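A look at the structure
One-letter residues, chain by chain:
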Amino acid sequence: MDAYMFEQFQKFITKYEKKYSSIKEYLARFEVFRRNIMQTLQENNSYTTGVTKFSDLTLQEFKRTYLNLNYDAMAMANFDPYYVKETNAAPASWDWRSKGLVSAVKNQGSCGSCWAFSAMANLEGLYFKGRGRMEILAEQMLVDCDPYNHGCNGGFMEYSFTWLKENGGVMRQSDYPYTARKGSCQSNPSKFIDMKITGFTKLGSSSSSMYSYVDEGQIKEFLYETGPLAVVLNADPLQSYVNGILDKSSSQCPITGMNHAVTMVGYGNENGKDYWIVKNSWGANWGENGYFRIRRGTSCCGINYYITSAKVSF
């Protein structure tokens, strides 16, 4: 088994261009890799797990580096609750990617900025819906400038929308490139796109409870009415996710562990199993070309506990 694992580790290093500083680190990472893969082999999942770009990280390292949502901020938030306009208007399946509202998958790198990518993906969809064309927006602007969040050390989407409203606008990625580290703020009003952020809304009631779930039928309608949505979940299982429909029980993936911001872009059904289509920010060489699917209708990993979108004007 160790010979097989070593061969897989060599393939992993080549595929993901991993570099280690010493033989000691190399051996330590091999041991972490071996344990992670052995763990996946012992699991009985209905989706595919295995070697990913994160297989040489312990779960604690993975969470510390990539899962930096400051979810506790939700308890202090003020918001304008959204209620769906018409029930049963949404079709049986939907994918905003096919309508042009979703930009190419991006990569946050070793920076805990998932919150910024979730916020900007939502805004990109709203811009396309309002203007009929895509503008690729600048996550780095939030990482550097947003005083309500913490750059690469975590944040929350609704604070981003609040700051963007106060700031007066948002820039394109081409004018403010992503560096995966916090730098000095370079916000330039002369470079703002022709869209104003006026606030944000969350689906559901005005309850400030951190763990108040939203009916997933309502989320379906909200997604269809609004466009790509900023959502959160417990992303611990995504470290070993390869493809398929992520499906975990509440005990395997508790809502109290919600730690990652992503973008819900569609939904569908495969072999009788309903799922959400979710855009991640870990590059196209992870998951299903940068996306993952997750079970719909079972509160899987807390996917239905925080559903939000910016409000904009043109």
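Along each chain, numbering runs from 1 in the same order as the chain's sequence is written. Local features are withheld for residues below a pLDDT of 70 in this predicted model, meaning they are given only at 70 or higher, and side-chain atom pairs are given and counted only at 80 or more; totals for whole chains, interfaces and linings count all residues. Hydrogens and water molecules were not included; the side-chain quantities draw on all heavy atoms of the structure.

With that settled, consider the layout of surface pockets. One number sums up the size of the largest pocket: a volume of about 410 Å³. The wall of the largest pocket is formed by 19 residues, among which Gln39, Glu43, Asp236, Pro237 and Ser240 lie closest to the centre. In this text, helices come from DSSP runs of H or I with a minimum length of four residues, and strands from runs of E with a minimum of two, each type numbered from the N-terminal end. When residues of the lining of the largest pocket are assigned to their parent elements, the largest contribution, four residues, is made by helix α2 (residues 23-42). Side-chain classes are defined by residue name, with Ala, Val, Leu, Ile, Met, Phe, Trp, Tyr, Cys and Pro counting as nonpolar, Asp, Glu, Lys and Arg as charged, and the others, Gly among them, as polar. Residue composition of the lining of the second largest pocket, grouped by class: five nonpolar, five polar and three charged. Only protein atoms enter the 1 Å grid used here. Points where a 1.4 Å probe fits but cannot escape make up a cavity, open sets with protein on both sides within 12 Å along at least five of seven lines make up a pocket, and a residue lines them when an atom lies within 4 Å of a point. Grid points are joined across faces, edges and corners, and a volume is the space filled by probe spheres set on the points.

In terms of burial, strand β5 (residues 229-233) is largely enclosed, as five of its five residues are buried. Burial along β5 is two-sided: Leu229, Val231 and Leu233 and Ala230 and Val232, pointing in opposite directions, are all buried. Taken together, the five bridges between β5 and strand β8 (residues 260-270) define a ladder with antiparallel strand orientation. If you follow Ala230 over to β8, its bridge partner there is Thr263. With two bridges connecting them, β5 and strand β11 (residues 307-313) associate as antiparallel partners. Across the sheet, the residue bridging to Ala230 is Thr308, located in β11. For the exposure calls, accessible area comes from a 1.4 Å probe over protein chains only, and a residue counts as buried if that area is under 20% of its type's maximum, exposed if over 50%, partly exposed in between. Only strands that DSSP links by at least two bridges are regarded as paired with each other.

Below, the discussion takes up helix α4 (residues 114-131). Along an α-helix, a turn takes 3.6 residues, which lines up residues three or four apart on a common side. Residue count minus one, scaled by 1.5 Å, sets the expected span of a helix. In a regular helix each residue adds 1.5 Å, so 18 residues correspond to 26 Å; α4 covers 26 Å between its end C-alpha atoms and thus fits that length. Immediately downstream of α4, the backbone of Gly132 shows phi near 80°, a positive value.

All right, on to the state of the cysteines then. Each disulfide consists of a covalent bond between the sulfur atoms of two cysteine residues. Any pair of cysteine sulfurs within 2.5 Å is marked as a disulfide. Scanning all chains against the criterion turns up three disulfides. Across the disulfide from Cys145 sits Cys185; the S-S distance is 2.0 Å. Measuring handedness by torsion sign, the sulfur bridge of Cys145 and Cys185 sits at about 100° and is right-handed. Taken together, the residues span a long stretch of sequence, with Cys145 in helix α5 (residues 139-145) and Cys185 in the loop between α6 (157-167) and β4 (196-203) at a distance of 40 residues. Overall, the relative accessible area of 40% leaves Cys185 in the partly exposed class. Assigning the bonded cysteines of the protein chain consecutive numbers by sequence position, one obtains the connectivity 1-3, 2-4, 5-6. Free of any disulfide, Cys114 has its nearest cysteine sulfur in Cys111, 9.3 Å distant. Judged by its relative accessible area of 0%, Cys114 falls in the buried class.

By convention here, two paired aromatic rings are described through the distance between centres and the angle between planes. Ring geometry is summarised as follows: Phe, Tyr and Trp rings, the Trp one being its six-membered ring, pair when their centres sit within 6.5 Å, and such pairs are stacked at plane angles under 30 degrees, edge-to-face over 60 and tilted between the two. A full pass over the atoms with the stated rule returns 27 aromatic pairs. Ring geometry for Phe12 versus Phe33: centroids 5.2 Å apart, planes at 40°, classification tilted. Here Phe33 lies in helix α2 and Phe12 lies in helix α1 (residues 2-16), a separation of 21 residues in the sequence. Taken together, the ring pairs in this structure connect Phe6, Phe9, Phe12, Tyr16, Tyr20, Tyr26, Phe30 and Phe33 into an aromatic cluster. Only Lys NZ and Arg CZ are tested; either one counts as a charge over a ring when it is within 6 Å of the ring centre and within 35 degrees of the ring normal. Directly above the ring of Tyr291 sits Arg97, whose terminal nitrogen or CZ lies 4.4 Å from the centroid. Over the ring of Tyr275 we find Arg293, and its NZ or CZ is 5.0 Å from the ring centre.

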